[in-house]
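Structural overview
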Amino acid sequence: MRTEIQAIAQIDRMVHEPARLAIMAVLSACESADFKALQHLTGLSKGNLSAQLSKLESAGYVRIDKSFAGRYPHTECALSAVGREAFRAYWRQYQALSSLLATD
Amino acid sequence: MVNVVDLQRRTMRYEFADGIREFQLAFWLVVVGVYSWVVWDKLPEWGSMVEAVRAMGSGVAVIVFLVLPIAIPVLASHYGLMWINERVRRRWLWRNTGYIKPRQWVVPRRVILGGCALAMGVLVLGILAAIHFREFSFLIRSIYAGSGLNVSIMMGMLGKAMGVRRFGAAARWALIGTAVVVTLPVSNGLCGLMVCGYLAGVLMISGWKGLREMAAQQEALDDAH
(Lines give C-alpha, C1' and ligand atoms only; values in the text may rest on other atoms or scores of the structure.)
Protein backbone atom coordinates (compact mmCIF):
# COMPACT_ATOMS: atom_id res chain seq x y z
CA MET A 1 0.00 0.00 0.00
CA ARG A 2 2.89 2.31 0.85
CA THR A 3 4.32 1.88 -2.67
CA GLU A 4 0.99 2.86 -4.19
CA ILE A 5 0.73 5.94 -2.00
CA GLN A 6 4.27 6.92 -2.95
CA ALA A 7 3.45 6.44 -6.63
CA ILE A 8 0.34 8.60 -6.30
CA ALA A 9 2.30 11.29 -4.48
CA GLN A 10 4.88 11.40 -7.28
CA ILE A 11 2.30 12.03 -10.02
CA ASP A 12 2.84 15.40 -11.74
CA ARG A 13 -0.19 17.43 -10.67
CA MET A 14 0.30 19.98 -13.42
CA VAL A 15 -0.43 17.20 -15.94
CA HIS A 16 -2.88 15.20 -13.82
CA GLU A 17 -5.66 17.80 -13.72
CA PRO A 18 -8.28 16.49 -16.23
CA ALA A 19 -8.52 19.57 -18.48
CA ARG A 20 -4.74 19.95 -18.71
CA LEU A 21 -4.32 16.21 -19.23
CA ALA A 22 -6.75 16.37 -22.17
CA ILE A 23 -4.85 19.32 -23.68
CA MET A 24 -1.52 17.56 -23.29
CA ALA A 25 -2.90 14.31 -24.69
CA VAL A 26 -3.99 16.13 -27.86
CA LEU A 27 -0.73 18.04 -28.21
CA SER A 28 1.33 14.88 -27.60
CA ALA A 29 -0.24 13.32 -30.71
CA CYS A 30 0.64 16.14 -33.09
CA GLU A 31 3.24 18.77 -33.90
CA SER A 32 0.92 21.66 -33.04
CA ALA A 33 -2.78 22.47 -32.84
CA ASP A 34 -4.67 25.72 -33.01
CA PHE A 35 -7.06 26.94 -30.33
CA LYS A 36 -10.15 25.87 -32.25
CA ALA A 37 -8.89 22.31 -32.71
CA LEU A 38 -8.02 22.03 -29.02
CA GLN A 39 -11.47 23.28 -28.11
CA HIS A 40 -13.13 20.87 -30.54
CA LEU A 41 -11.19 17.83 -29.35
CA THR A 42 -11.16 18.45 -25.60
CA GLY A 43 -14.68 19.87 -25.37
CA LEU A 44 -13.48 22.64 -23.02
CA SER A 45 -15.00 26.11 -22.99
CA LYS A 46 -12.95 29.00 -24.41
CA GLY A 47 -12.33 30.47 -20.97
CA ASN A 48 -11.30 27.22 -19.34
CA LEU A 49 -9.08 26.25 -22.26
CA SER A 50 -7.40 29.64 -22.22
CA ALA A 51 -6.80 29.49 -18.45
CA GLN A 52 -5.40 25.96 -18.56
CA LEU A 53 -3.14 26.82 -21.51
CA SER A 54 -1.76 29.78 -19.57
CA LYS A 55 -0.94 27.50 -16.62
CA LEU A 56 0.77 24.99 -18.89
CA GLU A 57 2.69 27.80 -20.57
CA SER A 58 3.82 29.16 -17.19
CA ALA A 59 5.05 25.68 -16.25
CA GLY A 60 7.06 25.60 -19.50
CA TYR A 61 5.09 22.62 -20.84
CA VAL A 62 3.40 24.39 -23.75
CA ARG A 63 4.55 26.95 -26.32
CA ILE A 64 1.89 29.38 -27.51
CA ASP A 65 2.27 31.45 -30.68
CA LYS A 66 -0.24 34.23 -31.18
CA SER A 67 -0.61 35.79 -34.61
CA PHE A 68 -3.22 37.17 -36.99
CA ALA A 69 -4.75 35.25 -39.89
CA GLY A 70 -6.06 38.18 -41.91
CA ARG A 71 -7.99 40.22 -39.36
CA TYR A 72 -8.63 37.32 -37.01
CA PRO A 73 -6.41 36.37 -34.06
CA HIS A 74 -4.88 32.93 -34.37
CA THR A 75 -3.41 30.90 -31.51
CA GLU A 76 -1.14 27.94 -32.23
CA CYS A 77 -0.10 25.65 -29.36
CA ALA A 78 2.57 22.96 -29.16
CA LEU A 79 4.20 20.91 -26.44
CA SER A 80 7.70 22.04 -25.52
CA ALA A 81 10.47 19.45 -25.13
CA VAL A 82 10.01 19.70 -21.35
CA GLY A 83 6.25 19.26 -21.74
CA ARG A 84 6.64 16.24 -23.99
CA GLU A 85 8.98 14.60 -21.48
CA ALA A 86 6.67 15.50 -18.58
CA PHE A 87 3.73 13.91 -20.40
CA ARG A 88 5.73 10.75 -21.15
CA ALA A 89 6.84 10.50 -17.52
CA TYR A 90 3.27 11.05 -16.33
CA TRP A 91 1.93 8.37 -18.66
CA ARG A 92 4.56 5.88 -17.54
CA GLN A 93 3.73 6.57 -13.88
CA TYR A 94 0.02 6.37 -14.55
CA GLN A 95 0.29 3.00 -16.30
CA ALA A 96 2.59 1.61 -13.63
CA LEU A 97 0.14 2.72 -10.97
CA SER A 98 -2.82 1.24 -12.87
CA SER A 99 -1.13 -2.14 -13.15
CA LEU A 100 -0.08 -1.99 -9.49
CA LEU A 101 -3.68 -1.37 -8.43
CA ALA A 102 -5.01 -4.03 -10.83
CA THR A 103 -2.78 -6.72 -9.32
CA ASP A 104 -4.05 -6.01 -5.76
CA MET B 1 -11.39 10.27 -16.15
CA VAL B 2 -9.81 11.58 -19.37
CA ASN B 3 -9.47 8.92 -22.06
CA VAL B 4 -5.93 9.77 -23.14
CA VAL B 5 -5.60 7.05 -25.75
CA ASP B 6 -8.89 7.99 -27.41
CA LEU B 7 -7.93 11.68 -27.50
CA GLN B 8 -4.57 10.86 -29.08
CA ARG B 9 -6.25 8.61 -31.61
CA ARG B 10 -8.83 11.27 -32.50
CA THR B 11 -6.05 13.82 -32.93
CA MET B 12 -4.07 11.54 -35.23
CA ARG B 13 -7.23 10.59 -37.12
CA TYR B 14 -7.56 14.25 -38.21
CA GLU B 15 -4.79 13.68 -40.72
CA PHE B 16 -6.51 10.69 -42.33
CA ALA B 17 -10.20 11.51 -41.93
CA ASP B 18 -10.58 13.86 -44.89
CA GLY B 19 -9.03 11.66 -47.60
CA ILE B 20 -6.36 14.18 -48.62
CA ARG B 21 -3.57 11.76 -47.69
CA GLU B 22 -5.08 9.11 -49.93
CA PHE B 23 -5.13 11.55 -52.86
CA GLN B 24 -1.50 12.36 -52.18
CA LEU B 25 -0.49 8.67 -52.13
CA ALA B 26 -2.58 8.02 -55.25
CA PHE B 27 -0.71 10.79 -57.06
CA TRP B 28 2.63 9.21 -56.12
CA LEU B 29 1.49 5.78 -57.26
CA VAL B 30 0.51 7.19 -60.66
CA VAL B 31 3.95 8.80 -60.97
CA VAL B 32 5.68 5.50 -60.04
CA GLY B 33 3.41 3.54 -62.43
CA VAL B 34 4.15 5.83 -65.38
CA TYR B 35 7.86 5.76 -64.53
CA SER B 36 7.99 1.95 -64.46
CA TRP B 37 6.02 1.77 -67.72
CA VAL B 38 8.45 4.15 -69.44
CA VAL B 39 11.51 2.31 -68.11
CA TRP B 40 10.28 -1.21 -69.03
CA ASP B 41 8.07 -0.77 -72.07
CA LYS B 42 9.56 2.32 -73.65
CA LEU B 43 13.04 0.90 -73.29
CA PRO B 44 14.31 2.08 -76.72
CA GLU B 45 13.35 5.70 -76.03
CA TRP B 46 14.53 5.53 -72.41
CA GLY B 47 17.75 3.75 -73.40
CA SER B 48 18.53 6.22 -76.17
CA MET B 49 17.98 9.11 -73.77
CA VAL B 50 20.35 7.54 -71.23
CA GLU B 51 22.88 6.84 -74.01
CA ALA B 52 22.65 10.41 -75.29
CA VAL B 53 23.33 11.77 -71.83
CA ARG B 54 26.15 9.28 -71.29
CA ALA B 55 27.69 10.32 -74.61
CA MET B 56 28.02 13.84 -73.25
CA GLY B 57 30.52 12.23 -70.95
CA SER B 58 30.18 13.95 -67.63
CA GLY B 59 28.50 13.47 -64.28
CA VAL B 60 27.12 16.99 -64.55
CA ALA B 61 25.24 16.05 -67.73
CA VAL B 62 23.65 13.08 -65.94
CA ILE B 63 22.58 15.36 -63.10
CA VAL B 64 21.27 18.08 -65.41
CA PHE B 65 19.41 15.85 -67.87
CA LEU B 66 18.35 12.88 -65.74
CA VAL B 67 18.29 13.72 -62.03
CA LEU B 68 17.00 17.29 -62.11
CA PRO B 69 14.06 16.69 -64.49
CA ILE B 70 12.89 13.95 -62.12
CA ALA B 71 13.99 15.34 -58.76
CA ILE B 72 12.65 18.86 -59.22
CA PRO B 73 9.10 17.87 -60.24
CA VAL B 74 9.06 15.22 -57.48
CA LEU B 75 10.16 17.67 -54.77
CA ALA B 76 8.01 20.48 -56.15
CA SER B 77 4.94 18.26 -56.24
CA HIS B 78 5.65 16.93 -52.72
CA TYR B 79 6.03 20.36 -51.10
CA GLY B 80 3.41 21.87 -53.40
CA LEU B 81 0.88 19.23 -52.31
CA MET B 82 1.73 19.86 -48.65
CA TRP B 83 1.20 23.60 -49.18
CA ILE B 84 -2.11 23.03 -50.95
CA ASN B 85 -3.22 20.53 -48.27
CA GLU B 86 -2.67 23.04 -45.50
CA ARG B 87 -4.60 25.81 -47.28
CA VAL B 88 -7.49 23.54 -48.27
CA ARG B 89 -7.76 22.24 -44.73
CA ARG B 90 -7.49 25.58 -42.97
CA ARG B 91 -9.96 27.38 -45.23
CA TRP B 92 -12.44 24.70 -46.12
CA LEU B 93 -12.22 21.21 -44.65
CA TRP B 94 -11.30 22.05 -41.05
CA ARG B 95 -12.80 25.53 -40.85
CA ASN B 96 -15.00 24.59 -37.88
CA THR B 97 -12.80 22.04 -36.17
CA GLY B 98 -9.45 23.89 -36.24
CA TYR B 99 -6.10 23.00 -37.73
CA ILE B 100 -3.80 20.25 -36.50
CA LYS B 101 -0.25 20.10 -37.79
CA PRO B 102 0.64 16.40 -37.86
CA ARG B 103 3.84 14.89 -36.56
CA GLN B 104 6.61 14.30 -39.08
CA TRP B 105 6.11 10.51 -38.77
CA VAL B 106 2.34 10.51 -38.90
CA VAL B 107 2.14 6.83 -39.81
CA PRO B 108 3.17 4.76 -36.76
CA ARG B 109 6.57 3.14 -37.17
CA ARG B 110 5.25 -0.39 -36.54
CA VAL B 111 2.82 0.08 -39.45
CA ILE B 112 5.63 1.13 -41.80
CA LEU B 113 7.90 -1.68 -40.60
CA GLY B 114 5.12 -4.29 -40.83
CA GLY B 115 4.25 -3.28 -44.40
CA CYS B 116 7.89 -3.15 -45.51
CA ALA B 117 8.73 -6.51 -43.89
CA LEU B 118 5.91 -8.25 -45.77
CA ALA B 119 6.81 -6.51 -49.03
CA MET B 120 10.41 -7.66 -48.59
CA GLY B 121 9.18 -11.21 -47.95
CA VAL B 122 7.28 -11.17 -51.26
CA LEU B 123 10.36 -9.77 -53.00
CA VAL B 124 12.52 -12.59 -51.63
CA LEU B 125 9.97 -15.12 -52.88
CA GLY B 126 10.11 -13.41 -56.28
CA ILE B 127 13.90 -13.64 -56.37
CA LEU B 128 13.78 -17.34 -55.46
CA ALA B 129 11.11 -17.99 -58.13
CA ALA B 130 13.12 -16.04 -60.72
CA ILE B 131 16.21 -18.14 -59.98
CA HIS B 132 14.30 -21.42 -59.90
CA PHE B 133 12.28 -20.87 -63.08
CA ARG B 134 14.99 -18.78 -64.78
CA GLU B 135 12.36 -16.17 -65.53
CA PHE B 136 13.16 -12.52 -64.77
CA SER B 137 9.47 -11.56 -64.80
CA PHE B 138 8.93 -13.24 -61.42
CA LEU B 139 11.27 -10.72 -59.83
CA ILE B 140 9.55 -7.73 -61.44
CA ARG B 141 6.07 -9.04 -60.66
CA SER B 142 7.10 -9.69 -57.05
CA ILE B 143 8.11 -6.02 -56.73
CA TYR B 144 4.63 -5.00 -57.93
CA ALA B 145 2.95 -7.60 -55.69
CA GLY B 146 5.06 -6.43 -52.74
CA SER B 147 4.08 -2.81 -53.39
CA GLY B 148 0.39 -3.73 -53.50
CA LEU B 149 0.74 -5.81 -50.35
CA ASN B 150 2.57 -2.95 -48.66
CA VAL B 151 -0.24 -0.50 -49.47
CA SER B 152 -2.84 -3.05 -48.35
CA ILE B 153 -1.13 -3.89 -45.04
CA MET B 154 -0.42 -0.25 -44.25
CA MET B 155 -4.01 0.77 -44.95
CA GLY B 156 -5.34 -2.15 -42.90
CA MET B 157 -3.09 -1.54 -39.90
CA LEU B 158 -3.58 2.20 -40.05
CA GLY B 159 -7.35 1.81 -40.26
CA LYS B 160 -7.30 -0.42 -37.20
CA ALA B 161 -4.94 1.82 -35.23
CA MET B 162 -6.82 5.04 -36.05
CA GLY B 163 -10.33 3.64 -36.18
CA VAL B 164 -10.88 4.70 -39.82
CA ARG B 165 -13.26 2.08 -41.25
CA ARG B 166 -12.91 2.88 -44.95
CA PHE B 167 -9.20 1.99 -44.78
CA GLY B 168 -10.15 -1.63 -44.09
CA ALA B 169 -12.22 -1.81 -47.28
CA ALA B 170 -9.44 -0.10 -49.26
CA ALA B 171 -6.91 -2.60 -47.86
CA ARG B 172 -9.04 -5.57 -48.97
CA TRP B 173 -9.61 -4.16 -52.47
CA ALA B 174 -5.91 -3.31 -52.82
CA LEU B 175 -4.96 -6.89 -51.92
CA ILE B 176 -7.50 -8.59 -54.19
CA GLY B 177 -6.85 -6.30 -57.16
CA THR B 178 -3.06 -6.55 -56.93
CA ALA B 179 -3.23 -10.34 -56.76
CA VAL B 180 -5.29 -10.37 -59.97
CA VAL B 181 -3.32 -7.72 -61.90
CA VAL B 182 0.17 -9.20 -61.26
CA THR B 183 -0.94 -12.48 -62.87
CA LEU B 184 -2.29 -10.87 -66.07
CA PRO B 185 -0.46 -11.84 -69.29
CA VAL B 186 0.77 -8.34 -70.11
CA SER B 187 4.23 -6.79 -70.38
CA ASN B 188 6.10 -5.97 -67.16
CA GLY B 189 5.88 -2.23 -67.76
CA LEU B 190 2.16 -2.32 -68.44
CA CYS B 191 1.67 -4.55 -65.40
CA GLY B 192 3.44 -1.97 -63.22
CA LEU B 193 1.30 0.80 -64.67
CA MET B 194 -1.86 -1.25 -64.09
CA VAL B 195 -0.98 -2.19 -60.48
CA CYS B 196 -0.12 1.42 -59.60
CA GLY B 197 -3.14 2.73 -61.50
CA TYR B 198 -5.43 0.25 -59.77
CA LEU B 199 -4.06 1.06 -56.31
CA ALA B 200 -4.32 4.78 -57.08
CA GLY B 201 -7.95 4.23 -58.12
CA VAL B 202 -8.75 2.41 -54.89
CA LEU B 203 -7.14 5.19 -52.86
CA MET B 204 -8.94 7.89 -54.87
CA ILE B 205 -12.33 6.24 -54.22
CA SER B 206 -11.50 5.87 -50.53
CA GLY B 207 -10.23 9.45 -50.36
CA TRP B 208 -13.30 10.78 -52.12
CA LYS B 209 -15.49 9.01 -49.55
CA GLY B 210 -13.51 10.61 -46.73
CA LEU B 211 -13.66 14.02 -48.38
CA ARG B 212 -17.44 13.84 -48.78
CA GLU B 213 -17.91 12.74 -45.16
CA MET B 214 -15.70 15.57 -43.91
CA ALA B 215 -17.45 18.18 -46.09
CA ALA B 216 -20.84 16.98 -44.80
CA GLN B 217 -19.58 17.12 -41.21
CA GLN B 218 -18.37 20.71 -41.66
CA GLU B 219 -21.67 21.73 -43.25
CA ALA B 220 -23.52 20.23 -40.28
CA LEU B 221 -21.28 22.24 -37.94
CA ASP B 222 -21.91 25.38 -40.04
CA ASP B 223 -25.65 24.84 -39.57
CA ALA B 224 -25.20 24.23 -35.84
CA HIS B 225 -23.34 27.54 -35.50
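One can find the structure itself at the top, above this paragraph.
Residues numbered from 1 in each chain as written. Chains lettered and ligands numbered in written order. Predicted model: local features only at pLDDT ≥ 70, side-chain atom pairs only at ≥ 80, totals over all residues. Heavy atoms only, no water.

Next up on the list: the overall build of chain B. The secondary structure content of chain B amounts to eight helices and one strand. Along chain B, from the amino end to the carboxyl end, the secondary structure elements read α-α-α-α-β-α-α-α-α. Overall size of chain B, expressed as C-alpha extent along the three principal axes, is 65 × 40 × 30 Å. Taken across its 225 residues, chain B has 37% of its residues classed as buried. (Helix = DSSP H or I, 4+ residues; strand = E, 2+ residues; numbered from the N terminus. Buried < 20%, exposed > 50% of the residue type's maximum accessible area, 1.4 Å probe, protein only.)

Bringing the overall build of chain A into the picture now. The helix and strand tally for chain A stands at six helices and three strands. Its C-alpha atoms give chain A principal-axis dimensions of roughly 55 × 25 × 20 Å. Restricting the contact set of chain A to residue pairs at least 6 apart, pairs at least 24 apart contribute 55%. Entry remark: accessible area of chain A is about 5800 Å², with carbon and sulfur atoms responsible for 55%. Counting 12 positive and 10 negative side-chain charges, chain A places the averaged centre of each group 5 Å from the other. (Contact = heavy atoms within 4.5 Å. Areas by Shrake-Rupley, 256 points an atom, 1.4 Å probe, with all protein chains shown as cover. Lys, Arg positive; Asp, Glu negative; His and termini not counted. Charge placed at Lys NZ, Arg CZ, Asp CG, Glu CD.)

Before going further, it helps to examine the interface of chain A and chain B. Contact residues are listed per partner, giving 23 residues for chain A and 21 residues for chain B. Both sides together, the interface formed by chain A and chain B hides about 1900 Å², and carbon and sulfur atoms give 63% of it. Of all residues in chain A, the largest losses of buried area upon contact with chain B belong to Ala29, His40 and Leu41 of chain A, amounting jointly to 29% of the total for that side. Counting across the interface, chain A meets chain B through one salt bridge. Two residues, glutamate 76 of chain A and arginine 90 of chain B, come together in a salt bridge whose shortest N-O distance is 3.9 Å. The interface formed by chain A and chain B contains eight residue pairs in polar contact (both at pLDDT 80 or more). For the side of chain A that touches chain B, the secondary structure elements donating two or more residues are helix H3 (18-28), strand S1 (32-34), helix H4 (35-42), strand S3 (72-79) and helix H6 (81-103) of chain A. (Buried area = accessible area lost by both parts, 1.4 Å probe. Salt bridge = Lys/Arg side-chain N within 4 Å of Asp/Glu carboxyl O. Polar contact = N/O pair within 3.5 Å; in protein donor to acceptor, adjacent residues only side chain to side chain.)

Residue and element names in this part refer to chain A. Taking burial as the measure, the eight residues of S3 include six buried ones, the bulk of the element. Examined bridge by bridge, S1 and S3 share two bridges and lie antiparallel to one another. In the strand pairing of S3, alanine 33 is matched with cysteine 77. If you look at the hairpin formed by strand S2 (residues 62-69) and S3, you'll find two residues sitting between the two strands, and glycine 70 has a positive phi there, around 70°. (Pairing = 2+ DSSP bridges.)

This paragraph deals with the environment of alanine 78 of chain A. Residues and elements named next belong to chain A. Note on placement: alanine 78 falls in strand S3. For the pair alanine 78 and leucine 44, spaced 34 residues apart in sequence, the C-alpha separation works out to 17 Å. Filtering out sequence-adjacent residues up to four positions away, alanine 78 remains in contact with Leu27, Glu31, Ser32, Tyr61, Val62 and Arg63.

Right, let's talk about the packing of H3 of chain A against H4 of chain A for a bit. Residues and elements named next belong to chain A. Direction vectors running N to C along H3 and H4 enclose 120°, while the axes themselves pass 10 Å from each other. The two elements H3 and H4 meet at a crossing, and its hand is right-handed. The segment H3 lies against H4, with Ala22, Ile23, Val26 and Leu27 engaging Leu38, Leu41 and Thr42. (Axes fitted to C-alpha atoms, helices over the stretch in contact; angles between N-to-C directions. Left-handed = near helix turned anticlockwise from the far one by under 90°.)

Taken as a whole, this structure holds nine salt bridges over all chains when the rule is applied. Through salt bridges with shared partners, a single ionic network connects Glu15, Asp18, Arg21 and Arg89 of chain B.

For the rest of this paragraph, the subject is the side chain of glutamine 8 of chain B. You can see glutamine 8 of chain B is positioned in helix H1 (residues 4-17). Take glutamine 8 of chain B: its relative accessible area is 18%, and that puts it in the buried class.

With that settled, the discussion passes to helix H7 (residues 165-181) of chain B. All names here are of chain B. Taking 1.5 Å per residue as the helical rise, H7 with its 17 residues ought to reach 24 Å, and the 25 Å between its terminal C-alpha atoms agrees with that figure. Regarding H7, the residues found buried are Arg166, Phe167, Ala170, Ala171, Ala174, Gly177, Thr178 and Val181. Down the axis of H7, the sector holding all buried residues measures 145°, keeping them to one side. Of the exposed residues in H7, the ones pointing more than 90 degrees away from its buried face are Arg165, Arg172 and Ile176. (Expected span 1.5 Å × (residues − 1). Arc of directions from axis to C-beta.)

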